[in-house]
Each structure stands twice: as structure tokens, then as C-alpha cells.
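Summary of structural features
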Amino acid sequence: MTNNPMTPGIVPGRLPAETYRENFADLHPPYDAHEARVAADRCYFCYEAPCIQACPTSIDIPLFIRQIQAGQPQAAAGTILEQNILGGMCARVCPTETLCEEACVREAAEGKPVEIGRLQRYATDALMAAGEHPFTRADSTGKRVAVVGAGPAGLACAHRLAMHGHEVVLYDARPKPGGLNEYGIASYKAVDGFAQAEVAWLMRIGGIEMVQGQALGRELTLDGLAAEYDAVFLGIGLSGVNALGAEGDDGAGVSDAVDFIAELRQAEDLATLPVGRNVVVIGGGMTAVDAAVQAKLLGAESVTILYRRGREKMPASGFEQDLAASKGVRILAHAMPVAVHGAEIECEYTEDGPDGLTGTGERFRLPADQVLRAIGQRLEGAPAGLALDGGKIRVEGPGRTSRKGVWAGGDCATGGDDLTVTAVAEGRDAAEDINATLC
Amino acid sequence: MADLTTDFVGIKSPNPFWLASAPPTDKEYNVVRAFKAGWGGVVWKTLGLDPHIVNVNGPRYGVVYGADRRVLGLNNIELITDRPLEVNLREIKQVKRDWPDRAMVVSLMVPCEEWAWKEILPKVEETGADGIELNFGCPHGMSERGMGSAVGQVPEYIEMVTRWCKQNTRMPVIVKLTPNITDIRFPARAAYAGGADAVSLINTVSSITSVNLDTMSPEPSIDGKGSHGGYCGPAVKPIALNMVAEIARDVETLDLPISGIGGITTWRDAAEFLALGAGTVQVCTAAMTYGFKIIDEMTRGLSDWMDGKGYASVADVVGRAVPNVTDWQYLNLNYVTKARIDQELCIKCGRCFAACEDTSHQAIWMKEGRVFEVNDAECVACNLCVDVCPVEGCITMEELAPGVTDPRTGRVIAAEYANWTTHPNNPAAKAAE
């Protein structure tokens, strides 16, 4: 260790090796069998349970928890996975505190919901550890479907199509499949290569051919796919990053939070990753929190999240905000960047007025060796001829685009809320619609 | 401070909590630890004639768990003491000498022949023990040899053996009853007729706690086979309370003292047994689960509760609830209640709705926004919604005042008490007049 948190500039190796290991360990360690039984016993098995309504994939949560209670975690996993084939990842990354666990009646009763996410992980881990894949394919239909993007939407769509007996070719632009599960999630949420393990497990359904290094608009065209396949599903995500629009935001210390997160996820040795002494993250969503917390865990002396609106409007959940605070990240709300001056960022306070958000005129400067942009991603390279809406591919019903035979889902499509679990639901539902259309 | 001392058929103890005849009272070592912890007395684990019996060398207990591995029920296939009679007698004598203020009752089980009882009784008497308890309850192992519940299930035998004991010892005789019988009043009456000073109940319930679905062996499994054992612990308390109450209110055994046994885990359980007529209580499973220190909670809890209610002594509590135990036919049919759901407390789980809609009377509406309300026109006041509601006090039963019309029956509620014996639907009603 040659550097420390006080070392100026953007440098690697600020921490001892064991501190990296501790800092990036599993955020929510898995339950052991007894903990799971105790946690499961807290479920009231509600009538038409609110947690099911709150789950974008409508998992029968009381049922799977009762199956854990009754000593069959693998059967519980079956219940989860039949609704959400990426139930393992969703158990790790879902903002459960704003979904199922917020709806849990025990949250209303005592502010302490049943820990549905951790129970779901217990069940799905048990199944994966046993090496089981509980689904089988229907007889071949002879139909071929192209799925573009091996992220949550594409994977869910491909698996469901394969189950129905279709031949699926799954294209992905990146070196590894998984999309944001592999490249876009904080390391401590999916440790030990879980994203790849889950994809490998999912592929065991058979009938899915994975083709990597192929991107729409590069090696692939929509017309070409439409001509070759019986149907096309686009789950291409949002590859563009919104610009800051502040003076000097193309400086050396300024980069995209998604790239920072992706690099971190792929790093063999975290000690080799450079991070600033003083880091400022611009934005208020999950990406901002993931980037800020990880910058801190990499040894930055100070990390500030700069969010232009009030804290209550931050898209990141209360849990995420608390997590950031607990790791020593400062959240500065009602402030926006104005200019980046070398190792400083100039900011201005904001206020909500009748004309929307405006600067108050009061400015201040923060030390900032490194500035990370996390103000949202946008669709890049949408194929011509598809109707867009608000910068996303317009879909109706179960992912139908304006072009016949082409479906879309996940972050690239309208609707949804840019969550893994929503993408899974959209991919699955589009697959059902494709199946109904083809058969 | 309430006075917890008891005098039960002449056996005095500083509090009503005795350890039941069972593994915790098998040896001097355990009993001394219990007395140091504060237990009021013990019933020494059952003695038999030499040669002493042997136990299995595999598991002796099976268990039923509630949430978080809380022990709700325990069964055992352990037999009576497996130590030589002389060893037990020597230890009993020593402990009684060292702890004169504690109750020392000795449980006995010998063959159903008078010579056997005549042989053992003087030996027990010589120890200075305060009394004996006849083990007519043990449902496993010994019953195959014509002892334990094999005697307890035949009232004539109970009466006969009790009489032998009364004729051959000056010590008070407590007869321990088995619940593995159709009507507990018959063995109690038999004990009474034989001259018993008291009865104690319940002994354990014949049971298989579980089946190992891999080996297809009942648990506890001995080399792949299991045998029915004796069930005890919190799960059997309701059975025990009923049997105690049946004896306490039976006109033929009204003045027969009772030592209550069966799932007593906290002071509250004990107080309930006392209220239903028990003069002392005996504890086993709770001690085997948590250790002897639970006696502190039990004595303090009972004392605090008695202070709060103004009961000066244990005797003030004994039997207080007995007059309120009656036959179904005397329950007031003009007592009409309806479930009331407190919307402020409701957490919208819907368990009341599922229970009522699926399994009962369709008397709960589920309205927009998961609002649950009672339909008085259908509510029969069964109380199931109260029982399944996870929030205490959220659903209550409200009594309808006389003069009000019950929307379910359309009848105006009468103020006067009226029961089945006079109900027009009762074919026997007229004959009873």
C-alpha cells in the first residue's frame, strides 16, 4: 500500500488489501437455515397479499415463504422462478424496501417487514447450490426468435421463449452476458460472480444460443433480424449517458458513474483501481449511490452526492440513502454543478419555485479530484423505423413496438421504472405474447 | 407480599411449584440444584423394585417445535428410575434431612400385588419423605408389564392399590392419573374410593411426535424403530386443565385435593391450574427446556399477580374459577356478541377474511383498499377472526345489549338468562320441566 485516503489526485491502492475484502463483502449476508425458518415464521400468509401486488413480477411470496417454513427451500425457489427467472439476482438488488417489503403488513404493524428479499435469496441460493434447473422445454415449435441484449429483459424473454419450445438466439454487445446485472450493480450486492453463475444456470433450459460481441446498429440490423427470425425482442438497455452541461465537464477527472461501476465490477484486484481523494457524484438515483458508496469503500477521503432537488425527491430509496450515509457519504441536496475547475467543482444552491427548479445565485466550491456523472442514461442507437416516446422505444401492452414482429422491454422501452425486476417482468410478458403470436 | 406457602394434604412447601416425577428428580444432584434454585418441592422420579429397570441406549425424547425452535411438546420413552432402589432411598433420606422445608414426595411403581407395595412402603417411609405418589400414568414401557397406565386405565385396580397403600403407610397417598382414558372422573372417583389423599394429573399423553420421512421410523428412533411415548409440555396444557376442572367440579370428588400437572411453563399457567382447583402444581418440561432458574419467574410472577388481585395466599386462589366451569347446556343462549374490527389497529393482512370466508360464516366484508368489516347479519360470534388476527386487541367481541335486535336472527335480545334446557328446539326441554 503506497497510497492512503489523503493522497491527492486519482490514485489506486488507498487501502490495505484486507480492507478491500471487508468493504466489498456481501451487503446482506445470506441466511443460514435456522435464520431463514425464523424469518419465514414471521410471514402472516396474508389474504391476497399486498406483497404480491407490490412485486413487479407478481411472485407468490406468501407461498414461497410457507414452503421455506415447511422445509422445502428448493420448492420455494420454484415458486419464485416460475414468475421471475432472475429471482436470485432480484433477491440481491431489488429495492425491496419500496416494493414487497414496503407493502408487507408487518411494515405497517411494527416497521419491521418480513425480510422477503433475503428469504428469496435463501430459496434461490438453495436451488442453485443443488445444481437444479426446475424447468423443461416444450416440444420444439420450429420457430426462431432473436433476442437482442442479454440483460435482465433479454434473459427473461429468452428463457421463457425457450420453455415454450422456440429456438432463441441471444445477442449481446459486451464480452460477458448479464447486462447491468454484470456491469451496472454495486459489487457488494452480487458477490462471487453471481451474475455469470445465474446466466449459466438460466441457459441450462437449452434452446438458447448466446452470440456475444454483436450490437444492434453495428453487426446487427433490425431489418436483417426481422427477415431472418420469426420474431425479434429488443432488450438493449440505455447505453448513452446524459451530459452534465456544466462548464469543464469534459475535464480529465470527470467520467460516467456507469463506467466507474462497470470497471469496478470487472476488476480482478480492487487495489489497482484508481479513485479520487475527494469524489463528487452528480445525481440522485441508485447509480449515484452505488458509485458514491463504492468510491468511499475504495478509500476516497470524502465522497459527496450532489443532488439538485430536495432529498425527498431522490429516486434512490431511503434504504440506499441510509446505506450511503452509513458508509460516510455526504448527501448534499438542493445543489447543482455549475463548473468544474481542475480539482474543484463549483456548485450553486437551488430552490423550488413557481417556475420549477432554479439556482439561488449562491455558489460554493467543493474539492473534487474526481467527478462522476450519474444523471441518467438514455437510449442510444435505436433502430430507425421504431416509434419512440420520451426517448425510449414506444411499446404497448406486453412489449409490442410500432413494428409488427418486434417486441421490446427493459430500460430501452417505455413504461417500467428502470428496475431489474421490471425488466424481467417485461421480458417474460413479451415472450408470452410472442409465443401467443407465433403459435 | 402474597404468601406462597402451601399445605397440600399435610405436605408443606414454601411455594406451590414442585418438580414432577421425571428425569429432573432422578438423583440427589439434580434435586439439590432444584432446591438451591428455589423449587418448593419435588416428586422423586418413580422407584420400582430391584432388579432396577434398564432404559434404551438411544434417544429417549421426541419434540414438537413452534417458531424459532420453541419447544411446544416433548415426548419420552424413558422408564422409571434405572438406579438401584437402595441408592435412591439413601439419597432421598439425605436430601430430606438437608432440606426439611421442601416437599419430598416419592413416586412409586411396583407390580399390582399387595406384597410388592408392602415391601417398598416401609423403606420409603424410613427416608422421612413427606408422601408418596402412585404412578398409574406412565403410558410407555412399564404399561406393557402391567404397571403404570395399565393400572391407571382400570378404576378397580386404582381403588385396590390405593387401599393397599393407605393400609400400609402413614404417609399421604397421591394417585397420579393417566389422561389416556375416556373420562377422567372415573379413575379419580376410584382413587377417592380407595382412600387417596389427593390425585395428581395429568401424566403424559400417548403419542408419536413425528415420523422420519427418510427412514420411515417414528421419532425418537431406536435403530430404525420407534414406540409410542408420553407427550407433555405446553401442547398438553389444555387437556390437563380440562381434566383438572372435571375432577374439581365432580360432585363425587369435590373435596379431593389435586396437584395440577401438564405444560405449566410460566406463573400464568400455574395460576390457571390453581384457579381450576389444583392445590399445588408440578412442572417438568419447562424445567427440562430452560433449566431450574425459571422458578424465579414463576414465584415472582405468581406473587406479583396475587398482590395485584389482592389474594393473600395460594389457598385464596385455589378453585376460584371452578364455579364458572359448567356444562354446555347451561351456557346462556341470550348472550349475543358480534366481532368488531378496530380499523386503527388493523394491518390489513386479511387473515380474518380468509378464515371467515373460507371456513366459517362469510361475515366479513373485504372492501376497497383492504378494509375489513363485519357483517352483523352473518356474524355468529364464533371468535375465529379474533383468534387468527395477528394483532392483539384489533378484533374484539362486543356484547349486544338486551333490547337490541340481532340482525342475524332478527330477534330482540332478551335480558334474562336462557339456556338449552329450556330452548324450544330441545326435544327434551318439556320433559325436563
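Note that the coordinates shown come from a computational prediction; the quantities given were computed from them, not determined experimentally.

Procedures and definitions
- Residues numbered from 1 in each chain as written.
- Chains lettered and ligands numbered in written order.
- Predicted model: local features only at pLDDT ≥ 70, side-chain atom pairs only at ≥ 80, totals over all residues.
- Heavy atoms only, no water.
- Contact = heavy atoms within 4.5 Å.
- Buried area = accessible area lost by both parts, 1.4 Å probe.
- Salt bridge = Lys/Arg side-chain N within 4 Å of Asp/Glu carboxyl O.
- Polar contact = N/O pair within 3.5 Å; in protein donor to acceptor, adjacent residues only side chain to side chain.
- Helix = DSSP H or I, 4+ residues; strand = E, 2+ residues; numbered from the N terminus.
- Nonpolar A, V, L, I, M, F, W, Y, C, P; charged D, E, K, R; others polar.
- Phe/Tyr/Trp six-rings, centres within 6.5 Å; stacked < 30°, edge-to-face > 60°.
- Buried < 20%, exposed > 50% of the residue type's maximum accessible area, 1.4 Å probe, protein only.
- Lys NZ or Arg CZ within 6 Å of the ring centre and 35° of its normal.
- Pairing = 2+ DSSP bridges.
- Axes fitted to C-alpha atoms, helices over the stretch in contact; angles between N-to-C directions.

**Some thoughts on the interface of chain B and chain A**
How big an interface is tends to be stated in terms of accessible area lost as the parts join. Opposite the 13 residues of chain B that make contact, chain A presents twelve residues. Around 1,000 Å² of area is buried between chain B and chain A when both sides are counted, 66% of it from carbon and sulfur atoms. Three residues, Asp-68, Ile-347 and Arg-370 of chain B, lead the burial of chain B against chain A; their summed loss comes to 42% of the area buried on that side. Applying the counting rule to chain B against chain A returns zero salt bridges. Applying the counting criterion to the chain B and chain A interface returns five residue pairs in polar contact (both at pLDDT 80 or more). Among the elements that line the side of chain B that touches chain A, the one with the most residues is helix H12 (residues 351-359) of chain B, at three residues. Here the residues of the side of chain B that touches chain A sort into seven nonpolar, one polar and five charged.

**Re the packing of aromatic side chains**
All chains considered together, the criterion is met by nine aromatic pairs over all chains. Centre to centre, the rings of Phe-8 of chain B and Trp-18 of chain B are 5.8 Å apart; their planes meet at 90°, and the pair counts as edge-to-face. Within this pair, whereas Phe-8 of chain B is found in strand E1 (residues 6-8), its partner Trp-18 of chain B is found in strand E3 (residues 17-19), the two being separated by ten residues in sequence. Residue Phe-8 of chain B shares its accessibility class with Trp-18 of chain B, and that shared class is buried. Ring centres 5.7 Å apart and planes at 50° place the aromatic pair Phe-35 of chain B and Trp-99 of chain B in the tilted group. Taken together, the residues Phe-35 of chain B in helix H1 (residues 28-37) and Trp-99 of chain B in the loop between helix H2 (85-98) and strand E7 (103-108) connect sequence positions 64 residues apart. Grouping aromatic residues by their ring pairs yields a cluster made of Tyr-47 of chain A together with Phe-353 and Phe-372 of chain B. The residue whose ring lies beneath Arg-118 of chain A is Tyr-31 of chain A, and the NZ or CZ to ring-centre distance is 4.3 Å. Over the ring of Phe-186 of chain B we find Arg-189 of chain B, and its NZ or CZ is 5.1 Å from the ring centre.

**A closer look at the sheet that holds strand E15 (residues 370-373) of chain A**
Within a sheet, each strand pairs with its neighbour through backbone hydrogen bonds, oriented either parallel or antiparallel. Residues and elements named next belong to chain A. Read across the sheet, five strands follow the order E7-E15-E9-E10-E11 without closing on themselves; strand pairing throughout is parallel. Single-partner strands in this sheet number two, and they are strand E7 (254-256) and strand E11 (330-333). Strand after strand, the sheet turns through a mean of 25° between neighbouring axes, direction not considered. Sheet topology note: the E7/E15 ladder contains three bridges and is parallel. Across the sheet, the residue bridging to Asp-256 is Arg-373, located in E15. Here helix H15 (residues 286-297) sits on the sheet and contacts strand E9 (278-282), strand E10 (302-307) and E15; the angle it forms with E10, its principal contact strand, is near 165°.

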